[in-house]
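# Inside the fold
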Amino acid sequence: MTYKLCLLVTDDGDDHQSYSEALAGFDDTVVLIVLDSQRALQLLKSNKCSPDFIFIDLSMYGIKINTLLKYIRAHERFSDIPLVAYGDQIDFEKLEPAENIIFFSKDYEYTELKTFLVDLIKPSNKEPDI
Amino acid sequence: MSGYMDDTNVEDVLSEIGGRLIALRRSRGYNNHEDFANCCNLPPDHYRKLERGQANFTIKTFLKILIAHNLTLEQFFVDSEREQLLKARK
């Protein structure tokens, strides 16, 4: 089986729990959690990680989101990966313009997160085994 | 310091909190954790672990649960302590 790798970059314990549990409903999905944007950047630079989806918490302490985005968008192997930036609308508006970035509100309910992930990961399949 | 918790009883406290959550849920008419977790918009597996005293949890998660029970933090802990005292007296 080929797994879809979801790279989750956040230091928020609630997000670790919610994303992991919601994504566990997809049989072919695994979640890799990285606690800060610098480590995420190191990981991507190391070529040891080829995520299918990237989720970045914009409200993380010490986040250097534009550095990370610049790297991701400058490298062809990451350029088509859907990137979800979640946080407040104000934080999202501070991002340097880039293609293929999806905004998701940090103030989510768990059911909203599940629906969002279904639409993102399995657009043709409305009901995963969540 | 009187009443100060040392590391050895953290698991017991989590377990007590879990027990109180189960009692509150049942008093609200929810027979299983999943229905209640859905009502609070929390991940069901995570909520189940809270009830079992097996999960660390954030204040945000705890507040979501208390809001569903229409309780304040103070009410939750004061009532828990009362229950413990009553149990001890029996």
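Residues numbered from 1 in each chain as written. Chains lettered and ligands numbered in written order. Predicted model: local features only at pLDDT ≥ 70, side-chain atom pairs only at ≥ 80, totals over all residues. Heavy atoms only, no water.

## Observations regarding the environment of Leu21(B)
Residues and elements named next belong to chain B. The line we're drawing: Secondary structure counts use DSSP, requiring at least four H or I residues in a row for a helix and at least two E residues in a row for a strand, with both numbered from the N terminus. Any pair of residues with heavy atoms lying within 4.5 Å of one another is described as a contacting pair.
Within the fold, Leu21 resides in helix H1 (residues 10-27). Taking the C-alpha atoms as reference points, Leu21 and Asp45, 24 residues apart in sequence, are found 15 Å from one another. Filtering out sequence-adjacent residues up to four positions away, Leu21 remains in contact with Tyr47, Leu50, Glu51, Phe62, Ile65 and Phe76.

## Describing the interface of chain B and chain A
Here is the rule: Accessible area that two parts lose when put together, evaluated with a 1.4 Å probe and summed over both, is termed the buried area. When residue character is reported, Ala, Val, Leu, Ile, Met, Phe, Trp, Tyr, Cys and Pro are called nonpolar, Asp, Glu, Lys and Arg charged, and the others, Gly included, polar.
In this assembly, 10 residues from chain B lie in contact with eight residues from chain A. If you sort the residues of chain B by the area they bury against chain A, Asn41(B), Pro43(B) and Lys60(B) come out on top, with a joint share of 52%. Tallied by class, residues from the side of chain B that touches chain A come to three nonpolar, four polar and three charged.

## With respect to the pattern of salt bridges
One side chain can pair with another of opposite charge once the charged atoms of both are near each other. The test is simple: The working definition used for a salt bridge is a side-chain nitrogen of Lys or Arg within 4 Å of a carboxyl oxygen of Asp or Glu. Working definition: with a 1.4 Å probe on protein chains only, accessible area under 20% of the residue-type maximum means buried, over 50% means exposed, and in between means partly exposed.
Using the criterion set out here, one finds eight salt bridges over all chains in the structure. Lys94(A) is paired through a salt bridge with Asp91(A); the nearest N and O atoms lie 3.8 Å apart. Judged by relative accessible area, Lys94(A) falls into the exposed class, the value being 60%. Between Arg48(B) and Asp45(B) there is a salt bridge, with the nearest N and O atoms lying 3.8 Å from each other. Residue Arg48(B) and its partner Asp45(B) are located together in helix H3 (residues 44-51), separated by three residues, close to a single helical turn. Connected through salt bridges with shared partners, the residues Asp12(A), Asp15(A), Asp57(A) and Lys106(A) form a single ionic network.

## Some details on the sheet that holds strand E3 (residues 53-57) of chain A
All names here are of chain A. Here is the rule we go by: The pairing criterion is simple: DSSP has to find at least two bridges between the two strands. Here an axis means a line fitted to C-alpha atoms, over the contact stretch when the element is a helix, while the angle between two N-to-C directions is reported on a 0 to 180 degree scale.
Pairing is parallel across the open sheet formed by five strands, whose spatial order is E2-E1-E3-E4-E5. Every other strand in the sheet has two partners, leaving strand E2 (29-34) and strand E5 (101-105) as the edge strands with one partner each. Each neighbouring strand pair of the sheet contributes to a mean axis angle of 20 degrees, computed without reference to strand direction. Here six bridges tie strand E1 (residues 4-9) to E2, and the two strands are oriented parallel to one another. Bridge assignment links Lys4 to a residue of E2, and that residue is Thr29. Contacts from helix H1 (residues 13-23) reach E1, E2, E3, strand E4 (83-87) and E5 within the one sheet, and its direction differs from that of E2 by about 165 degrees.

## Focus: the nonpolar core
All names here are of chain A. Note the cut-off: Here, nonpolar core means buried Ala, Val, Leu, Ile, Met, Phe, Trp, Tyr and Cys residues that are tied together by side-chain atoms lying within 4.5 Å of each other.
Counting 21 residues, the largest nonpolar core has Leu44, Ile54, Ile56, Leu68, Ile72 and Leu83 as its most contacted members. Those elements giving two or more residues to this core turn out to be E1, helix H2 (37-45), E3, helix H3 (65-74) and E4. Counting residues per element, this core draws most heavily on H3, at five residues. With sequence-adjacent residues up to four places away left out, Leu68 is seen in contact with Ser37, Ala40, Leu41, Leu44 and Ile56. Listed in part, the 19 residues of the second largest apolar core include Val84, Tyr86, Phe116 and Ile121.

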